[in-house]
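# Commentary on secondary and tertiary structure
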Amino acid sequence: MTWETVIGLEVHVQLLTASKMFCGCSTRFGQTPNTQVCPVCLGLPGALPVPNAHAIELATRAALALGCKVHETSIFARKNYFYPDLPKGYQISQFDQPLATQGGIEIESPERGKLTIGVTRLHVEEDAGKSIHDRLPGKTAVDLNRAGTPLAEIVSEPDMRSPAEARAYLTTLKQILLYCEISDCNMEEGSLRVDANISIRKPGDTRLGTKTEVKNMNSFANVERALQVERDRQIALVESGGRVEQVTMLFNAGTGEVRPMRSKEESHDYRYFPDPDLPPLVLTHLWIERQHAALPELPEAKRDRFM
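Notes on the structure follow. What you see is a predicted model, and the numbers here were worked out from it, not measured in a lab. (Residues numbered from 1 in each chain as written. Predicted model: local features only at pLDDT ≥ 70, side-chain atom pairs only at ≥ 80, totals over all residues. Heavy atoms only, no water.)

## Some details on the pairing of strand E10 (residues 150-156)
With seven of its seven residues buried, E10 lies for the most part within the structure. Burial of the side chains of E10 extends over both faces: Pro150, Ala152, Ile154 and Ser156 are buried on one face and Leu151, Glu153 and Val155 on the other. Sheet topology places strand E1 (residues 4-14) next to E10; five bridges connect them, and they run antiparallel. Across the sheet, residue Gln14 finds its bridge partner in E10, namely Leu151. (Buried < 20%, exposed > 50% of the residue type's maximum accessible area, 1.4 Å probe, protein only. Helix = DSSP H or I, 4+ residues; strand = E, 2+ residues; numbered from the N terminus. Pairing = 2+ DSSP bridges.)

## Notes on helix H1 (residues 53-65)
Its 13 residues place the ends of H1 19 Å apart at the C-alpha level, agreeing with the 18 Å of an ideal helix rising 1.5 Å per residue. Counting buried positions along H1 yields 10 of 13 residues, so the element is predominantly enclosed. Those residues of H1 that fall on the buried side of the exposure criterion are Ala55, Ile56, Leu58, Ala59, Thr60, Arg61, Ala62, Ala63, Leu64 and Ala65. You can read the cap of H1 off the contacts: a side-chain oxygen lies 3.0 Å from the backbone nitrogen of His54, and it is on Asn52. Of the residues flanking the end of H1, it is Gly67, one or two places downstream, whose phi is positive at about 75 degrees. (Expected span 1.5 Å × (residues − 1). Polar contact = N/O pair within 3.5 Å; in protein donor to acceptor, adjacent residues only side chain to side chain.)

## Focus: the packing of helix H2 (residues 163-179) against helix H3 (residues 220-239)
The N-to-C vectors of H2 and H3 enclose an angle of 155 degrees; their axes lie 8 Å apart at closest approach. Classified by the angle their axes make, H2 and H3 are roughly antiparallel. With respect to the hand of their crossing, H2 and H3 are arranged in right-handed fashion. From H2, Pro163, Ala164, Ala166, Arg167, Leu170, Thr171 and Lys174 reach across to H3, where they touch Phe220, Ala221, Val223, Glu224, Leu227, Gln228 and Arg231. Looking at the contact of H2 with H3, its residues break down into eight nonpolar, two polar and four charged. (Axes fitted to C-alpha atoms, helices over the stretch in contact; angles between N-to-C directions. Parallel < 35°, antiparallel > 145°, perpendicular 65-115°, else oblique. Left-handed = near helix turned anticlockwise from the far one by under 90°. Contact = heavy atoms within 4.5 Å. Nonpolar A, V, L, I, M, F, W, Y, C, P; charged D, E, K, R; others polar.)

## Comments concerning the nonpolar core
In terms of nonpolar packing, the biggest core is built from 64 residues, with Leu9, Leu122, Ile154 and Tyr169 touching the most fellow members. Examining the composition of this core, we find that eight residues originate from one element, H1, more than from any other. The residues touching Tyr169, leaving out its near neighbours within four places in the chain, are Leu9, Ile105, Ile107, Ile117, Val119, Ile154, Ser156 and Met160. (Core = buried A, V, L, I, M, F, W, Y, C linked by side-chain atoms within 4.5 Å.)

Put into structure tokens, the structure is as follows:
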């Protein structure tokens, strides 16, 4: 039987700022562990966050470059979960009122030619720290230098129909972000990270199948490889009478295998609520227009002009 693949991507992009999202600590990569921290990014009692104005500018420019509608009012929310590299016990993010929505990126699909992939939303958040599993034998170390680093999360619509289209989308997105100097997009340093949602369905079916999320991919080539492996796994499972379960998968680039990590959380599992320490983020129409004027000529427009 022929199956249709449905893919949507969540891309976390580290914004090109000198300091963190809600404090003045440096964002320099590769420094001695736990030296670029303060009471705010360590989540110590009484420490209050203050938004990084340049991070908001960069996120707004990214949203405009992706054709999104930037909202004059957005809300910072607390995303609650426990993990050793999350010192506050919650991540400051955005939920039901994000910075921007309803954008799109035009790509060249290897199978379908030129098409537009929808961008559902772009929101601003802070990064977590980093768990290190290979530094101390038998133990996990935690480096909180990255905790609080400004991120833009870019969520696509489930408009991609093959792993190759997912790679084309990521290549185009990275080019736009680099042109606009939003991020250095260095995947080796974690400046651009991809979570891929994939499901299968019968051709002509408009309902979405049960999706899995694939993580731990450190290159666009590995995103494509991981999606091919997971697509084949889902097809084999369904055709043998099994059922796809909604889980988070890890990709092992060395073996080319995917394995389950945990059951996939839903938004209600995180108990989002507006952050009481941060007022609504209010942008004026004139300020948004200034960010639009600061954008360079985008790659697609430059190609059209040259043609």
